[in-house]
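Topology and contacts: notes
Each chain, written out:
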Amino acid sequence: SGNWCRALRLYSKHINDQQDDAYSLDIDEMIRKNEMKFRVSCIRDGRHEWNSTEAMKKIGGRIEERFKWPVSLVDFDCEVFVIIVHKSFLCGIPLKLMRRRHNNRMPHETR
């Protein structure tokens, strides 16, 4: 949990530094009030008994359970990005603000 909290502090500082006056988020306040809306995005490679959607649901469920944040696939404040390659797993928070955008940076995964 310590690494996650450090990542959220870095995310908050970065987002607050890059915002202009016309659009601002008080990330620290949203975190304190458990109002941070989030989504999980996942890409993977390798053979698994589950697909990316199942992985996103499981990871998102743990985040929702731990932090009580609401899920929003479109109107999110924070995106948790997961890459799974065979038996390796990487999870992070991109430092680019993507809120309220409908484009998807993830490549389409055919399985």
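Let us look at the structure shown here. Being a predicted model, the structure only gives us computed values, none of them experimental.

Moving on, we come to the overall build of the protein. Along the backbone of the protein there are 3 helices and 3 strands. Going from the N terminus to the C terminus, the protein shows its helices and strands as α-α-β-α-β-β. Residue burial in the protein is summarised as follows: out of 111 residues, 34% are buried. Across the protein, the fraction of contacts at a sequence separation of at least 24, relative to all contacts at a separation of at least 6, is 69%.

Let's shift gears to unusual backbone geometry. At Lys68, a residue that is not glycine, the phi angle is positive and equals roughly 65°. Mapped onto the elements of the fold, Lys68 is located in the loop between helix H3 (52-67) and strand S2 (78-85). Exposure remark for Lys68: the relative accessible area of 55% places this residue in the exposed category. Phi is positive for His86, close to 50°, though the residue is something other than glycine.

In total, this model carries 2 aromatic pairs according to the counting rule given. Every member of this aromatic cluster is reached through a ring pair, and the members are Phe38, Phe67 and Trp69. Directly above the ring of Phe67 sits Arg66, whose terminal nitrogen or CZ lies 4.6 Å from the centroid.

In this section: the environment of Leu73. Here Leu73 lies in the loop between H3 and S2. Taking the C-alpha atoms as reference points, Leu73 and Lys37, 36 residues apart in sequence, are found 8.8 Å from one another.

All right, on to the nonpolar core then. Within the largest apolar cluster, 20 residues are counted, with the highest numbers of intra-cluster contacts made by Trp4, Tyr11, Met36, Val40, Ile63, Trp69 and Val82. Taken together, the elements giving at least two residues each to this core come down to helix H1 (2-18), helix H2 (27-32), strand S1 (38-45), H3 and S2.

So, on to the sheet that holds strand S3 (residues 88-92). The strand order across the open sheet built from 3 strands is S1-S2-S3, with neighbouring strands paired in mixed fashion. This sheet does not close on itself; its edge strands, each paired only once, are S1 and S3. Within the sheet, the average angular offset between the axes of one strand and its neighbour, ignoring direction, is 15°. Sheet topology note: the S2/S3 ladder contains 5 bridges and is antiparallel. Counterpart to Phe81 in the pairing with S3 is Gly92. Relative to S1, H3 is tilted by about 145°, and along the sheet it contacts S1, S2 and S3.

Conventions adopted
Residue numbers restart at each chain and count upward from 1, following the sequence in its written direction. The predicted nature of this model means local features are confined to residues of pLDDT at least 70 and side-chain atom pairs, given and counted, to a pLDDT of 80 or more, with totals for whole chains, interfaces and linings taken over all residues. Just so you know, side-chain values use all the structure's heavy atoms and leave hydrogens and water out. The numbering of helices and of strands both runs from the N terminus, where a helix is a DSSP run of H or I of at least 4 residues and a strand a run of E of at least 2. Three exposure classes are used, based on accessible area relative to the maximum for each residue type with a 1.4 Å probe and protein chains only: buried under 20%, partly exposed in between, and exposed over 50%. In what follows, a contact means two residues having at least one pair of non-hydrogen atoms within 4.5 Å. Centre distance within 6.5 Å is the pairing criterion for rings of Phe, Tyr and Trp, where only the six-membered ring of Trp is used; planes under 30 degrees apart are then read as stacked, over 60 as edge-to-face, and the remainder as tilted. Lysine NZ or arginine CZ positioned within 6 Å of the ring centre and within 35 degrees of the ring normal marks a charge as sitting over the ring. Here, nonpolar core means buried Ala, Val, Leu, Ile, Met, Phe, Trp, Tyr and Cys residues that are tied together by side-chain atoms lying within 4.5 Å of each other. Between any two strands, pairing holds if DSSP finds at least two bridges. Fitting a line to C-alpha atoms yields each axis, with helices limited to the stretch in contact; the angle taken between N-to-C directions then spans 0 to 180 degrees.

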